Amino acid sequence: MSLMRSVLLAISENRWMRERGPRLWFVRRAVRKFMPGEAFEDMLRAADGLRPSGIDTVFTRLGENVADAREASAVTRHYVDVLQAIASKGIRCEPSIKLTQLGLDLGKEQAYANLRAMAERSHETGNYLWIDMEQTSYVDVTLELTRRLKTEFPRVGVCLQAYLYRTAADLESLINPGIGVRLVKGAYKEPPELAYPKKTDVDENFFKLSVAMLEGLGRKNGFRPVFGTHDTGLITRIQAHAERAGLAAQDVEVHMLYGIQRAEQERLVKVGAVVRVLIAYGAYWFPWYMRRLAERPANVWFVLRSIVRG
Ligand SMILES: Cc1cc2nc3c(=O)[nH]c(=O)nc-3n(C[C@H](O)[C@H](O)[C@H](O)COP(=O)(O)OP(=O)(O)OC[C@H]3O[C@@H](n4cnc5c(N)ncnc54)[C@H](O)[C@@H]3O)c2cc1C
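Residues numbered from 1 in each chain as written. Predicted model: local features only at pLDDT ≥ 70, side-chain atom pairs only at ≥ 80, totals over all residues. Heavy atoms only, no water.

Peer 1: Even after reading the chapter, I still don't get the overall build of the chain, so can you show me in this structure?
Peer 2: In terms of regular secondary structure, the chain is built from 13 helices and 8 strands. Whereas a compact globule of 310 residues would reach a radius of gyration of roughly 19 Å, the chain reaches 19 Å, a difference of no more than 12%. Judged by the C-alpha coordinates and their principal axes, the chain covers about 55 × 45 × 40 Å. For the chain, contacts bridging at least 24 residues in sequence account for 75% of all contacts bridging at least 6. When the accessible surface of the chain is summed, it comes to about 13800 Å², and 54% of that surface belongs to carbon and sulfur atoms. In the chain, the 45 positive side-chain charges and the 36 negative ones have mean positions that sit 5 Å from each other. (Helix = DSSP H or I, 4+ residues; strand = E, 2+ residues; numbered from the N terminus. Rg over C-alpha atoms; globule rule 2.2 N^0.38 Å. Contact = heavy atoms within 4.5 Å. Areas by Shrake-Rupley, 256 points an atom, 1.4 Å probe, with all protein chains shown as cover. Lys, Arg positive; Asp, Glu negative; His and termini not counted. Charge placed at Lys NZ, Arg CZ, Asp CG, Glu CD.)

Peer 1: Quick question: what am I supposed to make of the layout of surface pockets here?
Peer 2: One way to see where empty space is left: roll a probe the size of a water molecule over the atoms. One number sums up the size of the largest pocket: a volume of about 1300 Å³. Around the largest pocket sit 46 residues that line it, and Lys185, Gly186, Ala187, Arg292 and Glu295 are the ones nearest its centre. Of the residues assigned to the lining of the largest pocket, the class counts are 20 nonpolar, 10 polar and 16 charged. Approximately 240 Å³ is the volume found for the second largest pocket. Taken together, 16 residues form the lining of the second largest pocket, with Leu8, Phe26, Met290, Leu293 and Val303 sitting closest to its centre. Elements with a minimum of two residues in the lining of the second largest pocket: helix H1 (3-13), helix H3 (25-30), helix H12 (286-295) and helix H13 (299-309). (1 Å grid on protein atoms, 1.4 Å probe; cavity = no way out; pocket = protein on both sides within 12 Å on 5 of 7 lines; lining within 4 Å. Points joined across faces, edges and corners; volume = space filled by probe spheres on them. Nonpolar A, V, L, I, M, F, W, Y, C, P; charged D, E, K, R; others polar.)

Peer 1: Explain the pattern of salt bridges to me, please; I cannot follow it from the model alone.
Peer 2: Any two side chains of opposite charge can pair, on the condition that their charged atoms come close. Applying the stated criterion to the full structure yields 29 salt bridges. Between Glu64 and Arg18 there is a salt bridge, and its shortest N-O distance comes to 3.5 Å. You can see Glu64 sitting in the loop between strand S1 (56-61) and helix H5 (69-89) and its partner Arg18 sitting in helix H2 (residues 15-20), a full 46 residues away along the chain. Assessed through its relative accessible area of 13%, Arg18 is described here as buried. Residues Asp203 and Lys199 are paired through a salt bridge, measuring 3.3 Å at the closest nitrogen-oxygen approach. Of this pair, Asp203 and Lys199 both sit in helix H9 (residues 199-217), 4 residues apart, which is roughly one turn of that helix. The class for Asp203 is buried, based on a relative accessible area of 17%. Here Lys199 falls in the exposed class, since its relative accessible area comes to 53%. When salt bridges that share partners are traced, they join Glu94, Arg224, Glu253 and Arg276 into one network. (Salt bridge = Lys/Arg side-chain N within 4 Å of Asp/Glu carboxyl O. Buried < 20%, exposed > 50% of the residue type's maximum accessible area, 1.4 Å probe, protein only.)

Peer 1: Please clarify how the sheet that holds strand S7 (residues 253-257) should be interpreted in this entry.
Peer 2: For sheets, the rule is that strands pair by backbone hydrogen bonds, running either parallel or antiparallel. Ordered by their spatial adjacency, 8 strands build a closed barrel running S1-S2-S3-S4-S5-S6-S7-S8, and the pairing between neighbours is parallel. Ignoring which end each strand starts from, the neighbouring axes of this sheet average 25 degrees apart. Bridge count between S1 and strand S8 (residues 274-281): 6 bridges; the pairing is parallel. When the bridges of S8 are listed, Val58 appears paired with Leu278. Helix H8 (residues 167-175) contacts strand S4 (156-161) and strand S5 (180-184) of the sheet and is inclined by roughly 165 degrees relative to S4. (Pairing = 2+ DSSP bridges. Axes fitted to C-alpha atoms, helices over the stretch in contact; angles between N-to-C directions.)

Peer 1: What should I look at first to understand the side chain of Lys150 in this one?
Peer 2: Looking at the element boundaries, Lys150 is found in helix H7 (residues 139-152). Here Lys150 sits buried without a salt bridge, and the closest side chain of opposite charge, Glu152, lies 13 Å off (N-O distance). Apart from residues lying up to four places away in sequence, Lys150 is in contact with Pro177, Gly178 and Ile179.

Peer 1: Hey, could you run me through unusual backbone geometry in this one?
Peer 2: In terms of backbone geometry, most residues other than glycine have negative phi values and most peptide bonds are trans. Positive phi, close to 50 degrees, is recorded for Lys220, a residue that is not glycine. On the accessibility criterion, Lys220 (74% relative accessible area) is exposed. Despite not being glycine, Gln261 has its phi angle at roughly 55 degrees, a positive value. Mapped onto the elements of the fold, Gln261 is located in the loop between S7 and helix H11 (262-270). We classify Gln261 as partly exposed; its relative accessible area is 35%.

Structure below.
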């Protein structure tokens with residue numbers, strides 16, 4: 001892991017920086033590249049703007065490690081209301097949620113009660129609920145609550161991280177019950193005992209897992225494979241594999257983050273792949289934004305240039 005990436009990830013988890021970083025004007029300005037705005041309406045406007053290009057969306061209100069039960073309930077109510085609002089406007093936008101935003105640090109049952117309330121509204125409105133994956137200490141409990149939710153609601157998916165050694169086994173256990181999987185490389189700082197330290201190994205594991213996911217499609221049990229990446233080389237390899245396996249272009253579903261690889265998103269739509277863009281909003285964007293910088297340290301130059309320009 002590069003030094004710059006380690007520093008940025010350490011900053012993302014530092015409480016002092018989490019409080020003060022968002023007040024810096026140049027950081028506030030730079031984050032706009034990845035976020036259309038802090039308000040729910042900004043997210044809706046951006047989702048509407050993508051629709052004519054044939055791109056649907058995923059939404060998340062930024063927040064993590066919520067330590068107050070009332071706040072976790074308020075976040076849940078917000079999601080329940082948004083699910084209703086997007087259904088009545090006919091916007092095809094799926095929610096993606098972090099369990100620590102729903103109160104996981106306060107207790108498993110509390111987080112599950114909130115998650116269940118969201119899933120109920122998601123189900124009633126015909127939506128699909130995604131659960132994000134956080135640091136390794138949360139992986140077991142996230143998978144446990146996802147499996148439990150799936151016994152009650154049919155359209156549920158979870159994120160898996162290709163940098164973890166354990167992911168091949170986790171994937172197999174999710175394909176069988178038809179739980180959707182959004183495969184990503186992984187955004188946190190993890191030790192070499194648990195995660196591949198070399199990026200090339202992560203990329204190769206991503207491809208291997210993708211092959212297993214495309215095979216999983218054949219089980220026709222509702223399993224939904226999603227490739228959450230901006231890596232054009234990997235996407236091309238996955239598409240070529242899908243074609244060789246006799247799958248249709250629309251069997252390859254790619255999710256990207258707002259503001260990244262726009263041209264590739266349009267290219268994918270043109271060749272018939274399914275594309276969704278994840279749009280984040282909300283005031284608690286600092287750790288999330290630091291992880292975006294860590295993914296591509298060249299983004300730091302963008303922030304520095306913005307300071308120089310004033
Ligand atoms: C829809 C979605 C949901 C995600 N959910 C989770 C989650 O729940 N848990 C989790 O741990 N991680 C999550 N991630 C983040 C993920 O783990 C990676 O950190 C992130 O996607 C960068 O990896 P990459 O696959 O794009 O490949 P990389 O090899 O990092 O990037 C490939 C290329 O994409 C472009 N690129 C990538 N990142 C950036 C960036 N930040 N700014 C500008 N260009 C960039 C660059 O051109 C780069 O060369 C999610 C990512 C996506 C797209």
